[in-house]
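Per-entry structural report
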Amino acid sequence: MAKIGFIGVGNMGGPMASNLLKAGHAVTVFDLSQWHLDQVAAKGAVIAASAADAVKDADVIVTMLPAGKHVKDVYTSSVFDAAKPGVLMIDCSTIDVDTARAVHATAAERGFLMLDAPVSGGVGGAVAGTLTLMVGGSDAAFAQAKPVLEAMGKNIVHCGGAGAGQAAKVCNNMMLGIQMQAVAEAFVLAEKLGLDKQKLFDVSSTASGQCWSLTSYCPVPGPVPTSPANRDYAPGFAAELMLKDMDLALAAAKSFGANVEMAAAAADNYRRYVSEGGKGKDFSGIINQIRDTAPKG
Ligand code: NAD
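Model, not experiment: these values are computed from the prediction. (Residues numbered from 1 in each chain as written. Predicted model: local features only at pLDDT ≥ 70, side-chain atom pairs only at ≥ 80, totals over all residues. Heavy atoms only, no water.)

Time to look at the domain arrangement of the chain. Splitting the chain by domain gives domain 1 (3-161) and domain 2 (167-292). The C-alpha-based centres of domain 1 and domain 2 are spaced at 29 Å. Across the interface of domain 1 and domain 2, roughly 840 Å² is buried in total on both sides, 65% from carbon and sulfur atoms. Its largest share of buried area at the contact with domain 2, domain 1 owes to Thr-94, Val-97 and Met-134, together 46% of the area lost on that side. Summed over the shared surface of domain 1 and domain 2, the result is four residue pairs in polar contact (both at pLDDT 80 or more). Counting only elements with at least two residues in the side of domain 1 that touches domain 2, the list comes to helix 5 (97-109) and strand 7 (119-120). At three residues, helix 5 tops the list of elements feeding residues into the side of domain 1 that touches domain 2. For the side of domain 1 that touches domain 2, the residue count by class is eight nonpolar, two polar and three charged. (Domains from an automatic or database assignment. Buried area = accessible area lost by both parts, 1.4 Å probe. Polar contact = N/O pair within 3.5 Å; in protein donor to acceptor, adjacent residues only side chain to side chain. Helix = DSSP H or I, 4+ residues; strand = E, 2+ residues; numbered from the N terminus. Nonpolar A, V, L, I, M, F, W, Y, C, P; charged D, E, K, R; others polar.)

Attention shifts here to unusual backbone geometry. The amide bond that connects Pro-235 to the next residue, Gly-236, takes the cis arrangement and shows omega of 15°. The residue Gly-236 is located in the loop between helix 10 (212-215) and helix 11 (239-256) in this model. For Asp-232, which is not glycine, the phi torsion reads 50° and is therefore positive. Following the sequence through the fold, Asp-232 ends up in the loop between helix 10 and helix 11. Asp-232 gets classed as exposed once you look at its relative accessible area, which sits at 54%. Even without a glycine there, the phi angle at Tyr-233 is positive, about 65°. Its place among the elements puts Tyr-233 in the loop between helix 10 and helix 11. Take Tyr-233: its relative accessible area is 8%, and that puts it in the buried class. (Buried < 20%, exposed > 50% of the residue type's maximum accessible area, 1.4 Å probe, protein only.)

Let us now look at the environment of Leu-250. Note that Leu-250 resides in helix 11. The class for Leu-250 is partly exposed, based on a relative accessible area of 23%. With eleven residues separating them along the chain, Leu-250 and Glu-261 place their C-alpha atoms 9.2 Å apart. Excluding residues within four positions of it along the chain, Leu-250 makes contact with Val-260, Ala-263, Ala-264 and Ala-267. (Contact = heavy atoms within 4.5 Å.)

A word on helix 7 (residues 139-152). With 14 residues, helix 7 extends 19 Å between its outermost C-alpha atoms, agreeing within 8% with the 20 Å of an ideal straight helix rising 1.5 Å per residue. At Lys-146, helix 7 shows its largest bend, some 55°, and a proline, Pro-147, comes one to four positions later. Within helix 7, burial applies to Ala-141, Phe-142, Ala-145, Val-148, Leu-149, Ala-151 and Met-152. (Expected span 1.5 Å × (residues − 1). Bend = angle between axes of the 7 residues up to and from the residue.)

As structure tokens, then:
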């Protein structure tokens, strides 16, 4: 069993670190939030006084931080200097591909093995240990990381070299962000046409409009009892996190030259939703923005 240094034990990192403990690993944690540290200490983690302290004896280092700037900061100001030579580093945060590749490059120069391994599945998946992990990095790093990744997730895909995990994550969430708005627009149009929402669900959930945003996360209350629409759009997956992911997609498209017109329009809508009352709501609440901005006919 490995000695793991884990930095960033928030909503996702906390349960992921708990699952590493459950699998028998020794986990030392650091976070800026004492509350989050206490939650995971109650499961058996050792609390470190700093990021450097958390990683100094570790065989494997895992980070789960909000965004690219936090990842860059933590690695360059603490982790690279404090880690033992040659250890394996796994960044599970969702960040931009450019930063992921830059951190990989520094890790390689300094002789460390590194993976980007962003996740999908939300807090529920993190707690249950059923996350999908999209992994970028060398075959050697992936082989070494597998037992650690398997303690946190169920579907683990080695997507390619440095940054490939983030590339998969950004493409997946761009699809999700656009699809949710397509489903929401269809339900608002159905309302206007006098079509019962359950009937639309019964048709489209088995017809060509079928997608996860409809069948698992339906944006109107009723057809999918577990969807956030049934609890006044409490997240779930917050609208501002969806906006962050859409912006990552737009930035990647700009850097690498791809046409993402649908994503750009969808991102504008999420931006308006977040600034006009959707902050703190689930991203599927975008249906209310769409309904409220319908042209008067
Ligand atoms: P969170 O804000 O709950 O957790 C992030 C943690 O990092 C916080 O506890 C914060 O205190 C800590 N932190 C920030 N800067 C730090 C530093 N310098 N040193 C130590 N700790 C620091 O966020 P989350 O929901 O756990 O998300 C983490 C990552 O996972 C994000 O990149 C997010 O996009 C991604 N993600 C989230 C979900 C979700 O449903 N919440 C799903 C998939 C992916």
